[in-house]
Amino acid sequence: MIKAVVTDIEGTTSDIRFVHQVLFPYARERLSEFLRRREHEPEVAAALSELRHEIARPGATVADMIAELFSFMDEDRKSTALKMIQGMIWREGYLKGDFQGHLYPDVAPRLAEWRQQGISLYAYSSGSVEAQQLLFGYSESGDLRPLFNGYFDTRIGAKRQAASYRNIAARLQCPPKEILFLSDIIQELDAAREAGWRTCQLIRDPVKCPPLHPQATHFNQIDLQELAS
Ligand SMILES: CSCCC(=O)C(=O)COP(=O)(O)O
Ligand SMILES: [Mg+2]
């Protein structure tokens, strides 16, 4: 029996193009101005302190850190500090109505159905917990936050490492074989499988390749009983 579903966001519940063509450029264009305007506010200061720790430069100035963050964005580095800062910039965008969180139309009805069946729902993304809550809270399908039991980000570990999935299972107090992980990325699914989880790969843009994990093109193709057997 599947007792908990943990879903990736980018490429799974939401179009990769929304993240790469809307969210990332929005944060990039505003990053310097945002940090100079808000560097002394506690939440921003905490993210900058996390960044100084990540780059092992306790004396880094804001200008130094802006340069680091630009190079992190260039390489799509899943830095906790960058993700905290992007989340705060996106908050301003969601609140101003500059965009809504993209969700494939099959996602909300299926999550609601699973929730109704008593299955616990979680998101796991490299985007910060706040960024995840914003995307689901201000989504094109309405506010989905009541459906979720919790969120995990890079603070629990990197998505391609089995230890992260063991950490999540321990937090959920759920046997690994009763947790289903949904993602588009093979390396993430491999890591979850190594931790004993069930897996299903979302193929939103079908390409012909031999399946290494059970696959679905939409959430309504995901059969929890079949995946648990
Ligand atoms: C919560 S939407 C923003 C996602 C994000 O910032 C990101 O880097 C996606 O990375 P993932 O490893 O979850 O594909
Ligand atoms: Mg993904």
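Values in this document were obtained by computation on a predicted structure and should not be read as measured data.

Once that is clear, we can look at the coordination of the magnesium ion (ligand 2). Bound to the magnesium ion (ligand 2) are the protein donor atoms Asp 8 (OD), Glu 10 (O) and Asp 184 (OD), situated 2.1 to 2.2 Å from the metal. Read N to C, the donor residues that coordinate the magnesium ion (ligand 2) are spaced as D-x1-E-x173-D. With Asp 8 in the loop between β1 (4-7) and α1 (16-38) and Asp 184 in the loop between β4 (179-183) and α8 (186-194), this pair connects stretches of sequence that are 176 residues apart. Given the relative accessible area of 16%, Asp 184 is considered buried.

Here Asp 15 lies in the loop between β1 and α1. In contact with Asp 15, other than residues within four places in its own chain, are His 102 and Tyr 104.

Before going further, it helps to spend a moment on the domain arrangement of the protein chain. Parsing the protein chain into structural domains produces domain 1 (4-15 + 100-228) and domain 2 (19-96). The interface is formed by 14 residues belonging to domain 1 together with 14 residues belonging to domain 2. Carbon and sulfur atoms make up 61% of the area that domain 1 and domain 2 hide from each other, which totals about 1200 Å². Note that Arg 91 and Glu 130 form a salt bridge whose closest N and O atoms lie 2.4 Å from each other. Run the count over domain 1 and domain 2 and you get 4 residue pairs in polar contact (both at pLDDT 80 or more). Here the residues of the side of domain 1 that touches domain 2 are counted per class, giving 4 nonpolar, 6 polar and 4 charged.

Cut-offs used in this document
- By convention here, each chain's residues receive numbers from 1 onward along its written sequence.
- As they are written, the chains are lettered A onward and the ligands numbered 1 onward, keeping that order.
- With the structure being a predicted model, the display of local features is reserved for residues of pLDDT at least 70 and the display and counting of side-chain atom pairs for 80 or more, all residues being used for whole-chain, interface and lining totals.
- Calculation of side-chain values draws on the structure's entire complement of heavy atoms; hydrogens and water are dropped beforehand.
- Keep in mind that water is not among the atoms, so a site may look incomplete; donors are the N, O and S atoms within 2.8 Å of the metal, or 3.2 Å for Na, K and Ca.
- A run of H or I in DSSP becomes a helix once it reaches four residues, and a run of E becomes a strand once it reaches two; helices and strands are each numbered from the N terminus.
- The rule is simple: take the accessible area with a 1.4 Å probe, protein chains only, and divide by the maximum for that residue type; under 20% is buried, over 50% is exposed, in between is partly exposed.
- Working rule for contacts: check all heavy atoms of both residues, and any pair within 4.5 Å makes them a contact.
- Domain start and stop points were drawn from an automatic or database domain assignment.
- Throughout, buried area stands for the accessible area (probe radius 1.4 Å) lost by two parts on being put together, summed over both.
- Criterion for a salt bridge: a side-chain nitrogen of Lys or Arg within 4 Å of a carboxyl oxygen of Asp or Glu.
- We define a polar contact as two N or O atoms separated by no more than 3.5 Å, with the added condition that, inside protein, one atom must be a possible hydrogen donor and the other a possible acceptor, whereas residues neighbouring each other in sequence contribute only through side-chain atom pairs.
- Gly is placed with the polar residues, together with every amino acid not listed as nonpolar (Ala, Val, Leu, Ile, Met, Phe, Trp, Tyr, Cys and Pro) or charged (Asp, Glu, Lys and Arg).

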